[in-house]
Amino acid sequence: MNDSDADLRARLAALDPMPPSAVPEPLARERAEQILEAAMTESRSTRRRPLLLAAAAAAVLVAGTGAALLTGDDPAPTADPPTALELALPAPDVSASCVEFRVEYLADMPTAFAGTVTDISDAAVTFDVERWYTGGSADVVIVAKVDSTTSAVLDAVTFAAGGEYLVTASEEGVLNGCGFSGPASPELTAAFAEAFPG
Amino acid sequence: MDPARHRSADARSAAEAPTSFEDVLATAYVPLQRYLLRRTDRTTAEDVLGDVLLVLWRRVDDIPADAVLPWCYAVARRCLANQIRAEGRRERLLRRLADEPAPVTEPADPRLLDALAGLGDTDREVLRLWAWEQLAPREIGTVLGISANAASIRLHRALGRLRALLGTRKDGDRGGHLLGQVPGGEEASR
């Protein structure tokens, strides 16, 4: 037997149980999505990425990590904050969709508070904090807007002066949408209470 | 900012756009499924794919834009070996029995299958990466964590040993189940 390399490669390729001509039955999509959700949940503490999952092809889109969104210095929400904490709204990203809302994901958020919007300017939305669930002790939270032209909108949430909201933010100090921040409805209040007991 | 991320961003040339996780998935998701299904049963493949995605998610900044697939295969290879070590051979065999019937029921080339089964794990993996994943020696080197030169030499030697086995084995002396030959597995020589 003295096959050339090319012949041997072709013979070996013919044994391929997953040849290019055969489309493999994809590994369960539901399972893949669970895996990705778990990956993102588990890695949120090690990778500084917001929590967004694209609907198509189980691909994850990353939004809101642009430097322009950061408030400049590292907000370090778990370190002793001053009386005012600065956070930021994420950049609008129409192509991003969300992971489903779960209390265990909520419980993972490094920054969570209940507050009332006291002021909306061109540059920022100001919250008077009523309660810190985790990640801070400041009396006031100032959320920087992406730029002066964007409104104070986070996903479907439009912040309005006088409104009471429950808000979470990533380690980068960027507000989380996807239902993880919103008006202080009884449902969301209950979810926050469950996620942050005590 | 994290200095490590600065460094990796600087290391990339302008022509190499930073790799995003979605880019990596678009490139590698189906090939990774093929890679795993070529080497293990479906249930294990699903488990390992989860591990692989987690590693890729965490290390997306480290993935070289010009070698996404080999890099992903390298992760899959390590994750599969870990899984098999952790799980133990007996449970794996039980699972496979409960799984779907083996795709290779009547191999077209039993002598070659037998010869492949008679090789060592690394030789077999080199040949599979070459013929099934269709990787060049340089890419095989990336998967195995060795230089392109070393990979060329490994491939050359693996081919030599395969030819030797083909020359000495007899027809009908059919080898074990090909899918059972996983990296780090030891049910090779039969």
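Refer to the structure printed above.
Residue numbers restart at each chain and count upward from 1, following the sequence in its written direction. Both sets of labels track the order of writing: A upward for chains, 1 upward for ligands. For this predicted model, a pLDDT threshold of at least 70 governs which residues receive local features, and a threshold of 80 or more governs which side-chain atom pairs are given and counted, while totals over whole chains, interfaces and linings are taken from all residues.

## Concerning the pairing of strand 4 (residues 140–144) of chain A
Residue and element names in this part refer to chain A. Strand pairing requires that DSSP identify at least two bridges connecting the strands. Starting at the N terminus, helices and strands are each numbered in turn, a helix being any DSSP run of H or I of at least four residues and a strand any DSSP run of E of at least two. With five bridges connecting them, strand 1 (residues 84–88) and strand 4 associate as parallel partners. Opposite A88, over in strand 4, you have A144 as the bridge partner. When strand 3 (residues 124–134) meets strand 4, the two strands line up antiparallel, connected through five bridges. Of the residues in strand 4, the one forming a bridge with V125 is V143. What sits between the antiparallel neighbours strand 3 and strand 4 is a turn of five residues, in which G135 has the positive phi angle 85°.

## A look at the sheet that holds strand 4 of chain A
Residue and element names in this part refer to chain A. Strand order across the open sheet formed by six strands is 1-4-3-2-7-8, with mixed pairing between neighbours. What marks the edges here is a single partner per strand, and that holds for strand 1 and strand 8 (182–183). We call two residues in contact when the distance between their C-beta atoms, placed using the backbone, is within 7 Å. Comment: axis = line fitted to C-alpha atoms, over the contacting stretch for helices; angle = value between 0 and 180 degrees taken between N-to-C directions. Packed on one face of the sheet, helix 4 (residues 186–195) meets strand 2 (111–120), strand 3, strand 7 (164–169) and strand 8 and runs near 45° to strand 7.

## Comments concerning the packing of helix 1 (residues 5–14) of chain A against helix 7 (residues 121–131) of chain B
At a closest axis distance of 9 Å, the pairing of helix 1 of chain A and helix 7 of chain B adopts a crossing angle of 90°. When the interaxial angle is binned, helix 1 of chain A and helix 7 of chain B end up roughly perpendicular. Where helix 1 of chain A approaches helix 7 of chain B, its residues R9, L12 and A13 of chain A are matched on the opposing element by L127, W130 and A131 of chain B. Polar here means any residue outside two lists: the nonpolar Ala, Val, Leu, Ile, Met, Phe, Trp, Tyr, Cys and Pro, and the charged Asp, Glu, Lys and Arg; Gly therefore counts as polar. In terms of residue class, the contact of helix 1 of chain A with helix 7 of chain B is built from five nonpolar, no polar and one charged. Note on terminology: angles under 35 degrees are roughly parallel, angles over 145 are roughly antiparallel, angles of 65 to 115 are roughly perpendicular, and the others are oblique.

## Overview of the environment of P70 of chain B
Residues and elements named next belong to chain B. Along the chain, the position of P70 falls in helix 4 (residues 68–87). With 73 residues separating them in the primary sequence, P70 and V143 have C-alpha atoms 5.3 Å apart. With sequence-adjacent residues up to four places away left out, P70 is seen in contact with L135, E139, T142 and V143.

## Considerations on the packing of helix 2 (residues 21–39) of chain B against helix 3 (residues 42–58) of chain B
Residue and element names in this part refer to chain B. As a packed pair, helix 2 and helix 3 sit with axes 10 Å apart at the nearest point and diverge in direction by 155°. The pairing of helix 2 with helix 3 is recorded here as roughly antiparallel in orientation. For the element pair helix 2 and helix 3, the recorded crossing hand is right-handed. Of the residues in helix 3, those in contact with F21, V24, L32, Q33, L36 and L37 of helix 2 are R42, A45, V48, L49, V52, L56 and W57. Residue classes in the contact of helix 2 with helix 3 are distributed as 11 nonpolar, one polar and one charged. Left-handed describes a crossing in which the near helix is turned anticlockwise from the far one by less than a right angle; the clockwise case is right-handed.

Nothing here speaks to function; it is all geometry.
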